[in-house]
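Letter by letter, the chains look like this.
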Amino acid sequence: QQPVQSPQAVILREGEDAVINCSSSKALYSVHWYRQKHGEAPVFLMILLKGGEQKGHDKISASFNEKKQQSSLYLTASQLSYSGTYFCGTIPGNEKLTFGTGTRLTIIP
Amino acid sequence: ETGVTQSPTHLIKTRGQQVTLRCSSQSGHNTVSWYQQALGQGPQFIFQYYREEENGRGNFPPRFSGLQFPNYSSELNVNALELDDSALYLCASSLASRQAEAFFGQGTRLTVV
């Protein structure tokens, strides 16, 4: 079953912060985060492999709560280039990478 | 640029026809996964190939089939095309590890009329 992301869409002004949540009904081995701009392929952002792990990439970071089967992506001081649709990807057990429902992020000047 | 190339970039087919999409994986990657992405939706897993063998399949009918070649490139074949098959088809290459990141090609936009 597909991970559920929230919110579905968010509009921010440049410089504001955002949090995107990803929740799975299955126990997770890892969580991947991708960003897809309109008309382009998804681009890998980061993988979180262990419960409680946090990672950062520029001003984008993420956390993974293995017990709650959830992950959150944090975008701070958002830039125009952050616009796009963000997908979490989860790998439950021996299954394959399954993408979430997506969150469309729009940054306005 | 990821090093994963897909061809063709766009394709228009008639309902009932057959189509073959191609993917060249990134150098050194032995695993290729195919995804279908409908407009406004997330990528849906079709199947994965590892060393020329199918290594997992999503909830797609048998008319979706694939191949992987010794050089790890791959094909996706769809028979008896239906209007709902219209979508962006993405290929992703990776190493055979659940920890490995997937690198996506630009996709093939298939339109069935």
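See the structure printed just above.
Model, not experiment: these values are computed from the prediction.

Engineer: Help me get a handle on the interface of chain B and chain A, residues and values and all.
Structural biologist: On the chain A side, the residues contacting the 20 residues of chain B number 20 residues. Between chain B and chain A, roughly 1,700 Å² of surface is buried when both sides are summed, and carbon and sulfur atoms account for 57% of that area. Viewed at the interface, chain A and chain B are joined by 0 salt bridges. Our count for the contact surface shared by chain B and chain A stands at 5 residue pairs in polar contact (both at pLDDT 80 or more). Elements that contribute at least two residues to the side of chain B that touches chain A include exactly β4 (31–37), β5 (44–50), β6 (53–57) and β9 (87–94) of chain B. Ranked by the residues each element gives to the side of chain B that touches chain A, the list is headed by β5 of chain B, at 3 residues.

Engineer: Give a description of the packing of aromatic side chains that names residues and reports values.
Structural biologist: In this structure the tally under the stated criterion is 10 aromatic pairs over all chains. An angle of 65° between the planes, with centres 5.1 Å apart, marks the rings of Phe-60 of chain B and Phe-64 of chain B as edge-to-face. What makes Phe-60 of chain B buried here is its relative accessible area of 15%. One aromatic cluster is present, built from ring pairs that chain together Tyr-34, Phe-44, Phe-87 and Phe-99 of chain A together with Tyr-35, Phe-45 and Phe-104 of chain B.

Engineer: Which residues make up the environment of Val-19 of chain B, and what values do they have?
Structural biologist: Residues and elements named next belong to chain B. Within the secondary structure, Val-19 is located in strand β3 (residues 19–24). Note on Val-19: relative accessible area 2%, which makes it buried. Separated by 76 residues in the primary sequence, Val-19 and Leu-95 place their C-alpha atoms 27 Å from one another. Among residues more than four places away in sequence, those in contact with Val-19 are Leu-11, Lys-13, Leu-76, Asn-77, Val-78, Leu-81 and Leu-110.

Engineer: Account for the sheet that holds strand β1 (residues 5–7) of chain B, naming residues and giving values.
Structural biologist: All names here are of chain B. An order of β1-β3-β8-β7 is seen for the 4 strands of this open sheet, with the pairing classed as antiparallel. Of all the strands in the sheet, just β1 and β7 (64–68) have a single pairing partner and so form its edges. Taking the axes of each pair of neighbouring strands and ignoring which way they run, one obtains an average angle of 20° across the sheet. Judged from the 3 bridges that link them, β1 and β3 form a sheet pairing that is antiparallel. Residue Gln-6 lies in a different strand from β3, and its bridge partner there is Cys-23.

Engineer: With reference to specific residues and values, describe the state of the cysteines.
Structural biologist: Residues and elements named next belong to chain A. Tallied over the full model, the rule gives 2 disulfides over all chains. Disulfide pairing places Cys-22 opposite Cys-88 at an S-S distance of 2.1 Å. In this structure, the disulfide formed by Cys-22 and Cys-88 twists by about 70° around the S-S bond and is classed as right-handed. Of this pair, Cys-22 sits in strand β3 (residues 18–23) while Cys-88 sits in strand β9 (residues 84–91), placing them 66 residues apart in sequence.

Engineer: For the pairing of β7 of chain B, give the residues involved together with the corresponding values.
Structural biologist: Where a strand is regular, its side chains alternate between the two sheet faces. Residue and element names in this part refer to chain B. Residues Phe-64, Gly-66 and Gln-68 point to one face of β7 and are all buried, whereas Ser-65 and Leu-67, pointing to the other face, are not buried. In terms of strand pairing, β7 meets strand β8 (residues 74–78) through 5 bridges, oriented antiparallel. Across the sheet, Leu-67 pairs through a bridge with Glu-75, a residue of β8. In this antiparallel pair of consecutive strands, β7 and β8, the connection spans 5 residues, and Tyr-72 shows a positive phi of 75°.

About the cut-offs
Residues numbered from 1 in each chain as written. Chains lettered and ligands numbered in written order. Predicted model: local features only at pLDDT ≥ 70, side-chain atom pairs only at ≥ 80, totals over all residues. Heavy atoms only, no water. Contact = heavy atoms within 4.5 Å. Buried area = accessible area lost by both parts, 1.4 Å probe. Salt bridge = Lys/Arg side-chain N within 4 Å of Asp/Glu carboxyl O. Polar contact = N/O pair within 3.5 Å; in protein donor to acceptor, adjacent residues only side chain to side chain. Helix = DSSP H or I, 4+ residues; strand = E, 2+ residues; numbered from the N terminus. Phe/Tyr/Trp six-rings, centres within 6.5 Å; stacked < 30°, edge-to-face > 60°. Buried < 20%, exposed > 50% of the residue type's maximum accessible area, 1.4 Å probe, protein only. Pairing = 2+ DSSP bridges. Axes fitted to C-alpha atoms, helices over the stretch in contact; angles between N-to-C directions. Disulfide = S-S within 2.5 Å.

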